[in-house]
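Breakdown of the fold
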Amino acid sequence: MPTLEVTARNAAVNSIVDLIDAGAGAGTLIFETSGDAEVATLTFSDPAYGAASGGTAQENAITSDTSATGGVVEHASIKDSNALKQLELTCTAPSGGGDIEITGGLTIGAGATVSCSDLSVTMPAT
């Protein structure tokens with residue numbers, strides 16, 4: 001397997017996160033059930049991420065959903081402002097090894113506040 005140099009890793013990450021900024025507004029992070037029903041929707045800043053460094057891009061501020069629909073989270077979708085899905089992420093309880101680990105578990109109550117404090121994107125060297 002080839003090893004990607006940092007410049008290639010940065011270019012790959014920047015290309016991926018730039019997809020979230022497609023369209024006229026901010027992208028969204030939508031937590032969904034196994035049937036793709038919305039549980040909570042958070043809004044990215046526009047732009048969603050800063051420039052990659054060392055193969056990783058850090059997210060800019062993500063606005064919390066202060067009145068979640070509620071339900072049991074199975075995965076999360078990241079969509080651009082045109083509502084086109086750009087990424088799908090696994091979700092687990094803490095220490096579950098998912099792309100997103102949800103503090104407090106996968107069941108979100110109706111009206112709950114849902115926030116995201118870290119959603120960096122990394123391209124590994126190999």
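Structure report, in brief. (Residues numbered from 1 in each chain as written. Predicted model: local features only at pLDDT ≥ 70, side-chain atom pairs only at ≥ 80, totals over all residues. Heavy atoms only, no water.)

Observations concerning helix H1 (residues 6–20)
The end-to-end C-alpha distance of H1, which contains 15 residues, comes to 22 Å, matching closely the 21 Å that a straight helix rising 1.5 Å per residue would cover. Of all the residues in H1, the buried ones are Arg9, Asn10, Val13, Val17 and Ile20. The buried residues of H1 occupy one face: seen down the axis, they fall within an arc of 95°. Where H1 is buried, its residues meet strand E2 (38–44), strand E3 (56–57), strand E6 (75–79), strand E7 (85–92) and strand E10 (121–122). (Helix = DSSP H or I, 4+ residues; strand = E, 2+ residues; numbered from the N terminus. Expected span 1.5 Å × (residues − 1). Buried < 20%, exposed > 50% of the residue type's maximum accessible area, 1.4 Å probe, protein only. Arc of directions from axis to C-beta. Contact = heavy atoms within 4.5 Å.)

Description of the sheet that holds E7
In spatial order, the strands read E4-E2-E1-E6-E7-E8; together these six strands make up an open sheet with mixed pairing. The sheet is open, and its two borders are formed by strand E4 (62–63) and strand E8 (100–101), each paired with just one other strand. In this sheet, E8 lies alongside E7 in parallel orientation, the contact comprising two bridges. Residue threonine 92 lies in a different strand from E8, and its bridge partner there is glutamate 101. (Pairing = 2+ DSSP bridges.)

Considering the pairing of E7
The two faces of the sheet receive side chains in turn, since in a regular strand these alternate between them. Pairing of E6 with E7 involves five bridges; the strand directions are antiparallel. Bridge pairing in E7 links lysine 79 to lysine 85. From the end of E6 to the start of E7, which pair antiparallel, there are five residues, and alanine 83 there has a positive phi angle of about 65°.

Re unusual backbone geometry
In this chain, aspartate 46 is followed by proline 47 through a cis amide linkage whose omega measures 20°. Tracing the sequence through the fold places proline 47 in the loop between E2 and E3. At aspartate 36, a position not held by glycine, the phi torsion is positive, near 70°. Residue position: aspartate 36 is located in the loop between strand E1 (28–32) and E2. On the accessibility criterion, aspartate 36 (46% relative accessible area) is partly exposed.

Remarks on the packing of aromatic side chains
Within the structure shown, the criterion is met by one aromatic pair. Centre to centre, the rings of phenylalanine 44 and tyrosine 49 are 6.0 Å apart; their planes meet at 40°, and the pair counts as tilted. Judged by relative accessible area, which is 3%, phenylalanine 44 ranks as buried. Here tyrosine 49 falls in the buried class, since its relative accessible area comes to 6%. (Phe/Tyr/Trp six-rings, centres within 6.5 Å; stacked < 30°, edge-to-face > 60°.)

Focus on the nonpolar core
The tendency in soluble globular proteins is for nonpolar side chains to be buried as a group. Counting residues in hydrophobic clusters, the biggest one holds 27 residues, and the most contacted among them are Leu29, Phe31, Leu42, Phe44, Tyr49, Ile100 and Leu119. Contributions of two or more residues to this core are made by H1, E1, E2, E6 and E7. Here this core takes four residues from E2, the largest share from any one element. Apart from residues no more than four positions distant in its own chain, phenylalanine 44 is found in contact with Ile20, Ala26, Gly27, Thr28, Leu29, Tyr49, Ala61, Ile62, Ile78 and Leu119. (Core = buried A, V, L, I, M, F, W, Y, C linked by side-chain atoms within 4.5 Å.)

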